[in-house]
Each structure stands twice: as structure tokens, then as C-alpha cells.
Amino acid sequence: MPKPINSAVEAIELSGIRKFFNLVQDKEDILSLTIGQPDFSTPESVKQAAKDALDANKTTYTQNQGLYELRDKVSQYINDLYGTHWCANQVLVTVGASQAIDIALRTLLVPGDEVILPSPIYPGYEPLITLQHAKVVAIDTTPTAFKLTADALEQAITDKTKVVILPYPSNPTGVTLTKDELAAIKDVVVKHDLYLITDEIYSTISFDAPHVSMAVFEELAERLIVINGLSKSHAMTGFRIGFLFGPLHLMDQFTKVLQYNVSCATSTSQYAALNAVTEAKDAPNKMCEAYLDRRNYVYHRLQAMGIDVVKPGGAFYFMFKINDPRPSFDLALDLVEQAHVAFVPGSSFGRFGEGYLRLSYAYSLDTLKEGLDRLERYLSPNP
Ligand SMILES: Cc1ncc(COP(=O)(O)O)c(C=O)c1O
């Protein structure tokens, strides 16, 4: 028998979402409100740009950091949207936002470091932290309407803390943060000399107030990494294009990790991305309008069912709780079996997600209506 494999790989698990799907995938007549990807098509001009790149034989490696023109244009695009000051050399083009997160964590962490996460949270961070033999410190945000507060952050910091990860608008809660709330968090990060990774992949889906990027705070310049990408904004999940924006002094380090992993992001996807942030830069607005209608519809329906729910300010998710003591996995399974409607069990988003269900409204209003009708009948079978 060869020697044991990396114990950290053995320690991580398939995501809870995947386990749930494996159990329910063969069941018939299930209406799913589970998927975390836009139900819109990729904008036509973006698809055309990918085809044109193929036809022009733009099928070779690019610079490791990504095409210069793309980095230049995406920094302009983000700067125009959020009043930030990124330049082309502060951008790394990655294989989805997922790879940007991995590269940031692999570059920053050594064994024993602690990383603070507000929870419930997107399940893509914790396993990557474990792979670095670093430790996750989760903050329970359920008492503060799913918001990370500066006070809670201050209390979670130890002398081992190195990184804070802050995703907003949030998957799975949809909650976002105001400039004042962000400023208070920023002060704690600076005071304790930490790195901050904000995952702003849902930044274009912000309803009640414009998204505020953490990068507006100049004091963070040396320590802030912003993750973004085109998967959600431009309905481009399969193109696998993400962006890591970071301090100039770390960009060569990030680029080395990317180089020895994938050399560069796919060339044709990068040309499509260039179109997305120039010609198709307004495409996210239409999608955001549709998500807003759906957000309002779902909120109204859940409230009418007597479900107490935090109104999400962005992304396309609701985290809600029904009056049922069962673990969320069992409850979600029962909803599939009895009501033929699927939500993701809250336990997939860390232990503080237990007791909740996540609804995605990246679905048409008709689908949402049918799914919510099924939930309503489940909750009051004999009206
Ligand atoms: C908060 C968050 N970050 C990152 C990602 C990954 O994005 P990508 O598909 O671009 O890798 C997701 C996908 O669901 C997400 O919800």
C-alpha cells in the first residue's frame, strides 16, 4: 500500500449541496428552486466575440495574468461602476471567481493561520482554508440579521488571525452592507493588521442602494483583495472567467500560483469577457430589474405564509426558516418527497445555516409561483 495521501484532502467533504442533489436527482416532478446561476442567456455580443476569437485563431496561451486589454477594460468597468481606482496591473484574470478565491488563500495562508468567516456562508471557502492546514473561525450572523458587525469581528480576532473573508451581497442570504457598516469593518481590519478578501461577485445585483465596493477605502490599499467575475453579472458561468483585484506588491505572487496551476484563463473566454465589460457592459441592468421583481414577489409570498424573513438587498437568494424542528437536510428532503419542491438545506452553508432553507430566485416568475404554491400547500395542507 503506498503512503497515505494528504490528510487535509481527506478532511474536506463534497459540498452539502452536492450531497442533497445526489439524493433527489432521480425523483420525478420536482420543481427546483435551488440553482445558483442566472436563468438568462449570455448576451449575444459576448457569444459572438467568443466565436470571432475562435475564427481568428485566438486560441493560444495569453499572458499568465490575462490579456492586457481585458485587464485594462475590466478595471475601467469596475472603476466606473464603483468609483474605485484599480489599474490593469492590479487585475488577475482567473478561471471563475472560484480560482481567484483559491489563489488568494493559497498565496496568503500558512498552516495554523486563522481565517474569519461570517456564517451562514457560501461553501466554497472553508475547504480551501482546510487544504492550507489553516483554521476557519465562523461568526454566527443569525442574531444580526445575517450581517457581519465590527463588534463581532473584533471579538473573533486572535493573535493567529490573518484573513477575513466578507462576501456581499451574500450567497446564501442576499444580505448586503452599507458604506458605514463596511467602514466599521474596515477599521477593525486595519487596527489588527489583517488581510481582507471581499467577494463581490454579486455586486451588479444590488436592489435598494448602489453597491459599495470595499475598495473605496484607501486605507485598505495594502491588504484588500476583491473577488469579482462575470458568472453572475453576465450569465456566463460556463465561460469560467473571474477577476482578482489586489495590491500591486502581491500581484506577482498571485500570478505565480496561477501560472503553475493553469498558465492562463481560456483565451476565447477572455475575448468574450472583453466584450462583456465593454459592449455588453449594461447587460447586468436588465437582469437586475428582473431579479428585483422576483425578490419582491418572493418576499411578499413568504410573508403572506407567515414566514419571518430578512429582506435581501442583493444577489438572488432568500434564507428562510419554517416552524419545524427537524434538521434542515431532513426537512428539505421531506419537502421534495411530500411537496415536490426543492430548496437547499441551510446546513450546506455552515453550522449557523442549520434550521434554514435557501431559495434561489434565478427562475421565472411562473416557476417561482408554482414552487411557492407547493410550499404553501405543504405548510397548510387543509386550508
Ligand atoms: C459568493 C460566491 N463566490 C464565488 C462563486 C463562484 O463563482 P464562479 O462560478 O465564477 O467560480 C459563487 C458561485 O456560486 C458564489 O456564490
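The structure presented is a predicted model; accordingly, all values stated were derived computationally and were not measured. (Residues numbered from 1 in each chain as written. Predicted model: local features only at pLDDT ≥ 70, side-chain atom pairs only at ≥ 80, totals over all residues. Heavy atoms only, no water.)

Enquirer: Describe in detail the overall build of the protein, supporting the description with residues and values.
Expert: On a plain count of helices and strands, the protein comes out with 13 helices and 12 strands. Here the C-alpha radius of gyration of the protein, 21 Å, is about what a compact globule of 383 residues would show, namely 21 Å. On the principal axes, the C-alpha backbone points of the protein span a range of 65 × 55 × 50 Å. In the protein, buried positions account for 54% of the 383 residues. Contacts in the protein between residues far apart in sequence, at least 24 positions, make up 77% of those at least 6 positions apart. Only carbon and sulfur atoms are counted for the fraction: they give 50% of the accessible area of the protein, which is about 17100 Å². For the protein, the centre of its 34 positive side-chain charges and the centre of its 45 negative side-chain charges are spaced 2 Å apart. (Helix = DSSP H or I, 4+ residues; strand = E, 2+ residues; numbered from the N terminus. Rg over C-alpha atoms; globule rule 2.2 N^0.38 Å. Buried < 20%, exposed > 50% of the residue type's maximum accessible area, 1.4 Å probe, protein only. Contact = heavy atoms within 4.5 Å. Areas by Shrake-Rupley, 256 points an atom, 1.4 Å probe, with all protein chains shown as cover. Lys, Arg positive; Asp, Glu negative; His and termini not counted. Charge placed at Lys NZ, Arg CZ, Asp CG, Glu CD.)

Enquirer: Which residues make up the layout of surface pockets, and what values go with them?
Expert: Of the voids in this model, the largest pocket is the one considered here, and its volume is about 830 Å³. Taken together, 31 residues form the lining of the largest pocket, with Ile-17, Ser-98, Tyr-122, Asn-171 and Lys-232 sitting closest to its centre. For the lining of the largest pocket, the elements supplying multiple residues, two or more each, are helix H2 (16-24), helix H5 (96-108) and helix H6 (126-131). The class makeup of the residues in the lining of the largest pocket is 16 nonpolar, 10 polar and five charged. Its volume calculated, the second largest pocket comes out at about 550 Å³. At the level of elements, H2, strand E3 (114-119), H6 and strand E4 (135-140) are the ones that each hand at least two residues to the lining of the second largest pocket. Here the lining of the second largest pocket takes three residues from H6, the largest share from any one element. Residue composition of the lining of the second largest pocket, grouped by class: 13 nonpolar, seven polar and four charged. Counting only domains with at least three residues in the lining of the second largest pocket, you end up with domain 1 (7-41 + 283-379) and domain 2 (44-276). (1 Å grid on protein atoms, 1.4 Å probe; cavity = no way out; pocket = protein on both sides within 12 Å on 5 of 7 lines; lining within 4 Å. Points joined across faces, edges and corners; volume = space filled by probe spheres on them. Nonpolar A, V, L, I, M, F, W, Y, C, P; charged D, E, K, R; others polar. Domains from an automatic or database assignment.)

Enquirer: Please provide a residue-by-residue account of the site of the ligand, values included.
Expert: Lining the immediate surroundings of the ligand are 13 residues, of which Ser-98, Asp-199, Ser-231, Lys-232 and Arg-240 lie closest. Contacts to the ligand include Lys-232, whose side-chain N or O atom sits 2.7 Å from an oxygen atom. Arg-240 has a polar side-chain atom sitting 2.8 Å from an oxygen atom of the ligand. Protein contacts shield 92% of the accessible area of the ligand, which totals 400 Å² for the unbound molecule. When each cavity is represented as a set of grid points, the ligand is found to reside in the largest pocket. Among the elements that line the shell around the ligand, the one with the most residues is H5, at four residues. (Near = heavy atom within 4 Å. Polar contact = N/O pair within 3.5 Å; in protein donor to acceptor, adjacent residues only side chain to side chain. Sits in = over half its atoms within 2 Å of the grid points.)

Enquirer: I'd like a rundown of the pattern of salt bridges, residues and numbers included.
Expert: Considering all chains together, one arrives at 19 salt bridges under this definition. In this structure, the salt-bridge partner of Asp-113 is Lys-162, at a minimum N-O distance of 2.8 Å. Taken together, the residues Asp-113 in the loop between H5 and E3 and Lys-162 in strand E5 (residues 161-167) connect sequence positions 49 residues apart. Judged by its relative accessible area of 22%, Lys-162 is partly exposed. In this structure, Glu-154 engages Lys-191 in a salt bridge whose closest nitrogen and oxygen atoms are separated by 3.1 Å. Taken together, the residues Glu-154 in helix H7 (residues 150-156) and Lys-191 in helix H8 (residues 179-191) connect sequence positions 37 residues apart. For Glu-154, a relative accessible area of 29% puts it in the partly exposed group. Through salt bridges with shared partners, a single ionic network connects Arg-301, Lys-369, Asp-373 and Glu-376. (Salt bridge = Lys/Arg side-chain N within 4 Å of Asp/Glu carboxyl O.)

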